[in-house]
Amino acid sequence: MQRPIASFSLLGVSIRLDASWILLALLIAWSLAAGVFPDLYRGLPQSTYWGMAAATVVGIAASIILHELGHTLVARAFGLPIKSITLFVFGGVAEMEGEPKAPRAELFMALAGPLVSVALGFGFSLLANFLEGSAPTEYHAVLHYLGTLNFTLAAFNMAPAFPLDGGRVLRALIWLVTGDSLKATRIAARSGEIIAVLLMGLGAFSALTMGLVHGLWWIVLGWFILSMASAHRKEAEARQLLSGMRVGDLMTPDPVSAAADMSVEDFVETVLARFPHDLIPVVADGRVIGAAGFQEAKRTRRQDWPSTGLAAIVTPITDIPTADSSLEIETALDRMQKARASRLIVLDQGRLVGILTLKDLANHLRFKAEFSKPA
Ligand SMILES: [Zn+2]
């Protein structure tokens, strides 16, 4: 995710506004002030419509944040830390550290968001009805709109299209029944792909019949869900193929390494130039003390290369994903994902035995795909 343009903290969770969301908020405000509200409530001054639109946009943002906060607080109760909530063009995303480890946790987490939206829907609607007789039109108009919006948000998110909330509920239920999380992901993601394609089809239909802008929104949304669902399904399939394998089965043994006492100049010219990797293990006295690559070299001024030892610029081993060769591939993949790294150093009591890269895994999957086909 890109850098947010604004962020604040609520109940210990960092809430970030993505630039795309601000753009969307302006678009929504404009369509409310120039179209929706003047159509529904005639005869008000234009400045009132803009005021209503601004209040509604703030209400929408608060509604989405509360929805995501619902997910977050339940996740936290199950011991899954949530790093941040980001508002971007299609609503909110709560960024988890890893996936839930049990179907019950996933089920309650997924349901919490839509339940908050339903509660907000009732809250706004009741307040709107309460104020309808006494307060000026603009107040209950905004509240009515926010009530309906929250019900819509809950309904849309409950579509069984993984990774939407409803898809997560579906996955949790299949997982609960079969005990197989990867199978559950595959089915829920497949359902997400089908719904996404239907959404795009509907979008194309309404683009032709009701106007391009109307349909385009559904096409983009469908495409977005399709790409996320496909990515999750492919990952689940890959994990299934790799299950039971160990790091030692797929790693590249005896990888290139560099000595900690060489200069940065030597490292760049003799090692990096021939093996242009991002994570070259650096060894001192037979033990891996860290890794270095382009990033580390670039951080050092060029004129200092000859006089600087590699040990001085190395990223310490504690900051790098590592594994024992007997570790299961799935756990290794989790470690790489958590560190956002494409390589992992394989150690045996501090000594270098190999390197595992995503490319190794992809090659192996290709091998399996090529040779497990029926002849
Ligand atoms: Zn949600």
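Reading guide: rules and limits
Counting restarts for each chain: residues are numbered from 1 in the order of the written sequence. Only residues with pLDDT of at least 70 get local features here, since the model is predicted, and only at 80 or more are side-chain atom pairs given and counted; chain-wide, interface and lining totals rely on the full set of residues. Secondary structure elements are taken from DSSP: a helix is a run of H or I of four residues or more, a strand is a run of E of two residues or more, and numbering for both begins at the N terminus. Two strands are said to pair when DSSP picks up at least two bridges between them. A set of buried residues drawn from Ala, Val, Leu, Ile, Met, Phe, Trp, Tyr and Cys, joined through C-beta atoms within 7 Å, is what defines a nonpolar core. Any residue surrounded by 20 or more other C-beta atoms within 10 Å of its C-beta is treated as buried, while 12 or fewer makes it exposed and the intermediate range makes it partly exposed; C-beta atoms here are placed from the backbone. Contact definition: two residues whose C-beta atoms, as placed from backbone geometry, lie within 7 Å. For helices, the fitted axis covers only the stretch in contact; all axes are lines through C-alpha atoms, and the angles between them, taken along N-to-C directions, range from 0 to 180 degrees. Handedness of a crossover: with both strands directed away from the viewer, a clockwise path from the first strand across the helix to the second marks it as right-handed. By the definition adopted for this analysis, an angle is roughly parallel if under 35 degrees, roughly antiparallel if over 145, roughly perpendicular if from 65 to 115, and oblique otherwise. In this scheme the handedness of a crossing depends on how the near helix is turned from the far one: anticlockwise by less than a right angle means left-handed, clockwise means right-handed. Asp, Glu, Lys and Arg are counted as charged, while Ala, Val, Leu, Ile, Met, Phe, Trp, Tyr, Cys and Pro are counted as nonpolar; the rest, among them Gly, fall into the polar class. Residue ranges assigned to the domains are those given by an automatic or database domain assignment. Helix span, expected: 1.5 Å multiplied by one less than the number of residues in the helix.

It is worth spelling out the overall build of the protein at this point. Helix and strand content of the protein: 13 helices and twelve strands. The principal-axis extents of the C-alpha atoms in the protein amount to approximately 80 × 60 × 45 Å.

Turning our attention to the sheet that holds strand β7 (residues 280-284). Strand order in the open sheet formed by four strands is β6-β7-β8-β9, with mixed pairing between adjacent strands. Looking at the sheet topology across the chains shown, the edges are occupied by β6 (258-259) and β9 (315-316). When β6 meets β7, the two strands line up parallel, connected through two bridges. Opposite A258, over in β7, you have V282 as the bridge partner.

Core analysis: the biggest nonpolar cluster contains 48 residues, and F37, M52, A161, F162 and A188 have the highest contact counts within it. Other than its neighbours up to four places away in sequence, M52 contacts L32, F37, E138, A141 and V142. Ranked by size, the runner-up nonpolar core spans 30 residues in total, among them L242, L250, A260 and V264.

This part covers the sheet that holds strand β12 (residues 351-357). Backbone-to-backbone hydrogen bonds pair the strands of a sheet. The strands run either parallel or antiparallel. What the four strands build is an open sheet, ordered β5-β12-β11-β10; its pairing is mixed. The open sheet has two edge strands with one neighbour each: β5 (252-253) and β10 (322-323). Across two bridges, β10 lies against strand β11 (residues 343-348) in parallel orientation. Opposite T322, over in β11, you have I345 as the bridge partner. On top of the sheet, helix α12 (residues 329-338) reaches β10, β11 and β12; it is set at about 125 degrees to β11, its chief contact.

As a crossover connection, the stretch from β10 through α12 into β11 is right-handed. Two elements, β11 and β12, share six bridges in a ladder whose sense is antiparallel. The residue of β12 that forms the bridge with L344 is L356. Adjacent in sequence and paired antiparallel, β11 and β12 are bridged by two residues, among which Q349 carries a positive phi angle near 50 degrees.

The geometry of helix α3 (residues 103-131) relative to helix α5 (residues 165-178) is characterised by a closest axis approach of 8 Å and an angle of 155 degrees between their N-to-C directions. It follows from the interaxial angle that α3 and α5 lie roughly antiparallel. In the crossing of α3 with α5, the sense of the turn from one axis to the other is left-handed. Together, P103, E106, L107, A110, L111, G113 and P114 of α3 and D165, R168, V169, R171, A172, W175 and L176 of α5 make up the contact between the two elements. Residue composition of the contact of α3 with α5, by class: nine nonpolar, one polar and four charged.

Let us now look at the environment of A339. Among the secondary structure elements, A339 is positioned in the loop between α12 and β11. A count of 14 C-beta atoms within 10 Å places A339 in the partly exposed class. Separated by 328 residues in the primary sequence, A339 and L11 have C-alpha atoms spaced 25 Å apart.

Direction vectors running N to C along helix α2 (residues 46-77) and helix α4 (residues 137-157) enclose 35 degrees, while the axes themselves pass 10 Å from each other. Helix-helix and strand crossings are classified by hand; for α2 and α4 the assignment is right-handed. The segment α2 lies against α4, with T48, G51, M52, A55, T56, G59, I60, S63 and H67 engaging E138, A141, V142, Y145, L146, L149, N150 and L153.

Relative to the assigned elements, A54 resides in helix α2. On a C-alpha basis, the gap between A54 and W30 in space is 9.2 Å, while along the polypeptide they are 24 residues apart.

All right, on to the domain arrangement of the protein then. When the parts of a complex come together, some accessible area is lost, and that lost area is often taken as the interface size. Split by domain assignment, the protein resolves into domain 1 (6-242) and domain 2 (247-371). Inter-centroid distance (C-alpha atoms) of domain 1 to domain 2 is 40 Å. At the junction of the two partners, domain 1 supplies six residues and domain 2 supplies eight residues.

Following the backbone out of β6, through helix α9 (residues 264-272) and into the adjacent parallel β7, one traces a crossover that is right-handed. Pairing between β7 and strand β8 (residues 287-292): five bridges, direction antiparallel. If you follow P281 over to β8, its bridge partner there is A291. The loop that links β7 with its antiparallel partner β8 comprises two residues; one of these, D285, has a positive phi angle of about 50 degrees.

The first and last C-alpha atoms of α2 sit 47 Å apart over 32 residues, in line with the 46 Å expected at 1.5 Å per residue. Backbone geometry just downstream of α2 places G79 in the positive-phi region, at approximately 80 degrees.

Let us now look at the environment of R16. Tracing the sequence through the fold places R16 in strand β2 (residues 13-17). Look at R16 and you get buried, because 21 C-beta atoms sit within 10 Å. A C-alpha to C-alpha distance of 30 Å links R16 and K298, two positions 282 residues apart in sequence.

Once that is clear, we can look at helix α13 (residues 358-371). Counted at 1.5 Å a residue, the expected span for α13 with its 14 residues is 20 Å, and the 20 Å between its end C-alpha atoms agrees. Among the 14 residues in α13, one count as buried, and that is only a small part of the element.

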